[in-house]
Amino acid sequence: MEEKKLYNAVRKVITLSDGRQIEIETGKLAKQADGSVVVKMGDTMLLATVVAAKDAKPDTDFMPLQVEYKEKYASCGRFPGGFMKREGKANDSEILVARLIDRALRPLFPADYHAEVYVTVNLISADKDIQPDALAGLAASSALAVSDIPFGGPISEVRVARINGEYMINPSFSQMNDVDLDIMVAGTIDNILMVEGEMKEVSEEVMLGAIKFAHEEIKKHCAVQMELSKELGKDVKRTYCHEVNDEELRQTIITELYDRAYEIATSGTMKHEREDMFNALEEEFASRYTEEELEEKAPLIHKYFHDDVQKKAMRNMILDEGKRLDGRKTDEIRPIWCEVGYLPAAHGSAIFTRGETQSLTTVTLGTKLDEKVKDEVLVQGSEQFVLHYNFPPFSTGEAKAARGLSRREIGHGHLAWRALKPMVPVGEENPYAVRVVSDILESNGSSSMATVCAGTLALMDAGVKLKKPVSGIAMGLITDSASGKWAVLSDILGDEDHLGDMDFKVTGTRDGITATQMDIKVDGLSYEVLATALEQARKGRMHILDKITECIAEPREDYRPFVPRIKQITIPQDMIGAVIGPGGKVIQDIQKTTGTTITITEEDQKGIVDIFGSDKEALDGALARIKAIVAVPEVGETYHGKIRSIVAFGAFVEIMPGKDALLHISEIDYKRFETMEETGLKEGDEIDVKLIGIDAKTGKLKLSRKALLPKPEGYVERERRPRPERAERGERHDRGERRPRPDHKNE
């Protein structure tokens with residue numbers, strides 16, 4: 001009987017320019033999902049699945065997309081940490097990768113498609129030198145490509161790094177040490193959709209070149225997915241009907257409300273006043289219908305008013321008059337005011353306010369024990385500099401409780417962290433762990449860029465030796481494909497972000513870009529428009545930097561009074577154990593008696609000791625004890641020591657912490673003692689001794705007390721005949737040689 005094949009795997013291969021290959025396989029795993037693929041590169045494998053509900057839930061007027069990215073510890077043979085020893089909720093890194101996928105996929109679902117869609121990407125095998133996040137977007141898109149779910153893709157995501165002036169696609173972990181640009185780029189075969197990454201003060205031209213380089217690779221990935229979809233017959237998608245429209249109602253709303261909405265848009269009012277005016281206009285129109293009629297028409301009225309009246313009025317106002325909702329010109333920055341040192345008890349603090357966006361940011365300095373510990377599947381270690389971003393509901397006037405940390409807060413905080421990271425000194429340049437916390441108090445515009453500016457101010461207020469000030473700006477875009485008109489907007493409002501075609505955030509110093517995040521919502525965005533946006537952003541950043549440096553031009557010369565002080569010394573690697581002591585006894589005693597915190601790390605075959613204390617006396621006391629432990633005894637020096645033990649042939653004296661040396665009975669006095677009892681010395685006595693020798697082979701120390709005493713009158717040092725070395729005596733014995741004995745007979 002012929003064996004039936006249980007699966008029919010289909011594979012496609014993408015070959016990178018350097019010969020590396022990416023394999024896409026479907027039909028073997030997770031076949032009950034609407035679409036599933038395994039993307040493989042080297043030993044790294046990602047399983048991506050996608051499932052969509054058969055229909056939309058009632059009254060759903062948005063795209064309920066959920067993207068999850070998870071790294072399995074078994075993928076590289078590791079146990080998860082913690083008590084449970086199993087994967088838990090997504091960590092920050094997994095959330096950030098999920099956001100990269102989400103932001104690329106979401107704009108490409110049809111506007112009228114409202115069924116729940118769940119995209120799940122799991123790292124199931126991990127090559128320790130391959131970065132899996134660069135493959136996650138390709139995997140998610142491929143799963144959609146082999147499904148019948150309506151989707152305007154395919155897309156792909158690639159990482160571009162610049163190494164020694166050359167761009168490279170999807171570099172390995174080991175190749176990332178010397179890069180000056182690291183960005184993720186997502187796009188379709190025709191357009192760029194998303195860019196996010198960090199740089200070391202590169203120019204706008206370098207960043208634009210990296211985006212173009214990435215798009216050429218993305219086109220190849222998309223072509224392979226289209227070929228796979230067609231081969232499987234999945235190029236024809238499922239039919240659906242998630243919206244019922246009323247064209248007569250739409251035209252009535254446009255005819256009656258557009259001119260009045262345009263008048264509100266051009267009034268130059270503040271955010272909440274403008275919202276109230278728009279809401280009143282919508283409610284006035286809706287009031288002509290009965291409650292029964294509104295059950296059906298209210299969602300449509302809101303949709304048509306928002307999309308066909310409010311949105312178009314705002315966009316046309318900008319394109320036709322060059323005028324914005326708050327009355328500004330397209331390249332104009334809102335008024336800015338800054339203040340540092342606002343919180344007297346914080347290590348560093350600043351307020352940055354730009355228009356109706358405000359960040360109160362603090363800086364806290366700590367020890368190595370305060371550094372963030374990373375224990376991810378492929379990344380382990382610690383981070384000396386962290387940044388956290390909080391966006392409470394009251395910042396936008398919402399009456400609701402703050403429930404946990406949102407993915408948006410993690411993403412915005414990560415962008416601000418990337419912006420400041422190249423300028424924050426770490427390692428030997430800065431002994432402190434640094435935590436920046438941005439609390440957004442008002443929001444109408446980019447609060448992540450306000451965080452970058454407030455973070456710069458707070459770090460300099462804290463006395464952290466920031467290499468250069470950093471500023472950030474959010475750019476927007478309004479386009480009209482019919483007329484070909486477009487306008488780039490500097491320092492966008494929340495409404496301009498929501499109703500516009502692009503959200504483009506750029507941060508940097510006066511010398512170049514440090515981070516960027518771009519989301520494009522329109523097809524056919526040219527590189528000419530991108531170049532214009534980058535140049536306009538550069539000018540805006542310079543303006544904001546001027547405002548920052550007017551407030552505080554450079555870091556304070558000294559830390560604020562509340563900052564605990566750190567003293568850092570380097571000790572020999574072989575002395576680390578002596579400072580720590582058996583079971584940590586020595587270092588714990590130093591910390592307890594001096595009230596300090598001490599950390600020791602081993603770097604480059606030496607020990608880095610950080611002493612963290614609240615006052616100078618405590619620091620000096622701890623430092624003196626450590627220096628005494630690691631000090632190297634010198635022959636000829638006099639030491640004040642304590643007798644630790646008495647033995648028959650002498651006494652062992654502690655001349656330095658943890659360093660005992662022998663005071664032989666013959667070196668105690670010029671007198672001759674037969675027993676130690678005759679010397680009068682006992683354990684615990686403190687005496688002065690002189691170091692008279694160090695054994696070259698054993699390192700044992702030889703002490704003398706009599707060398708410090710006056711020599712008695714008439715005292716003659718007995719001359720000692722040198723004895724042969726032990727090795728020489730052993731050799732003579734091994735050869736059977738004996739000393740000649742006198743011949744008594746011959747005498």
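From a predicted model like this one, the values you see are computed outputs, not experimental measurements. (Residues numbered from 1 in each chain as written. Predicted model: local features only at pLDDT ≥ 70, side-chain atom pairs only at ≥ 80, totals over all residues. Heavy atoms only, no water.)

A. Main features of empty space enclosed by the protein. In total, this model carries 1 cavity of 30 Å³ or more according to the counting rule given. Empty space within the largest cavity amounts to approximately 30 Å³. Taken together, Leu96, Arg99, Leu100, Arg103, Glu196, Gly411 and Gln517 form the lining of the largest cavity. Among the elements that make up the lining of the largest cavity, the one with the highest residue count is helix H1 (residues 92–105) (4 residues). Among the residues forming the lining of the largest cavity, the class breakdown is 2 nonpolar, 2 polar and 3 charged. (1 Å grid on protein atoms, 1.4 Å probe; cavity = no way out; pocket = protein on both sides within 12 Å on 5 of 7 lines; lining within 4 Å. Points joined across faces, edges and corners; volume = space filled by probe spheres on them. Helix = DSSP H or I, 4+ residues; strand = E, 2+ residues; numbered from the N terminus. Nonpolar A, V, L, I, M, F, W, Y, C, P; charged D, E, K, R; others polar.)

B. Representation of the environment of glycine 693 within the structure. Position of glycine 693 among the secondary structure elements: in strand S28 (residues 686–694). With relative accessibility at 11%, the residue glycine 693 sits in the buried group. The residues touching glycine 693, leaving out its near neighbours within four places in the chain, are Val635, Lys700, Leu701 and Lys702. (Buried < 20%, exposed > 50% of the residue type's maximum accessible area, 1.4 Å probe, protein only. Contact = heavy atoms within 4.5 Å.)

C. Structural context of the pairing of strand S29 (residues 701–704). Taken together, the 2 bridges between strand S27 (residues 659–664) and S29 define a ladder with parallel strand orientation. Paired with leucine 663 across the bridge in S29 is leucine 703. In the sheet, S28 pairs with S29 via 4 bridges, with the strands oriented antiparallel. Residue pairing for S29: isoleucine 694 is matched across the bridge by leucine 701. (Pairing = 2+ DSSP bridges.)

D. Broad picture of helix H12 (residues 585–594). Burial in H12 covers these residues: Ile587, Ile590 and Thr594. Taken end-on, H12 shows its buried residues confined to a sector of 60°, consistent with a single buried face. Those residues of H12 that are exposed and aimed more than 90 degrees away from the buried face are Lys585, Lys592 and Thr593. As for H12, its buried residues are in contact with helix H11 (576–580), strand S23 (597–603) and helix H13 (616–630). At the C-terminal side of H12, glycine 595 shows a positive phi close to 70°. (Arc of directions from axis to C-beta.)

E. Broad picture of the sheet that holds strand S22 (residues 565–572). Read across the open sheet, the 3 strands follow the order S22-S24-S23; overall the sheet is antiparallel. Two strands in the sheet have a free side with no partner beyond their single neighbour: S22 and S23. This sheet shows a mean twist of 20° between the axes of neighbouring strands, independent of strand direction. Looking at chain direction, S23 and strand S24 (residues 606–613) are connected through 7 bridges and run antiparallel. When the bridges of S24 are listed, threonine 597 appears paired with phenylalanine 612. (Axes fitted to C-alpha atoms, helices over the stretch in contact; angles between N-to-C directions.)

F. Geometry of the pairing of strand S3 (residues 35–41). Across the 7 residues that make up S3, a large majority, 6, are buried. The sheet contact formed by S3 and strand S4 (residues 44–52) spans 7 bridges and is antiparallel. For serine 36, the partnering residue across the bridge sits in S4 and is threonine 49. Between the antiparallel neighbours S3 and S4 lie 2 residues, among them glycine 42 with a positive phi of about 60°.

G. Here's a closer look at unusual backbone geometry. With an omega of 5°, the peptide bond running from glycine 153 to proline 154 counts as cis. We note that aspartate 59 has phi near 65°; this positive angle belongs to a residue other than glycine. Structurally, aspartate 59 can be placed in the loop between S4 and strand S5 (65–71). Residue class for aspartate 59 comes out exposed when judged on its relative accessible area of 77%.

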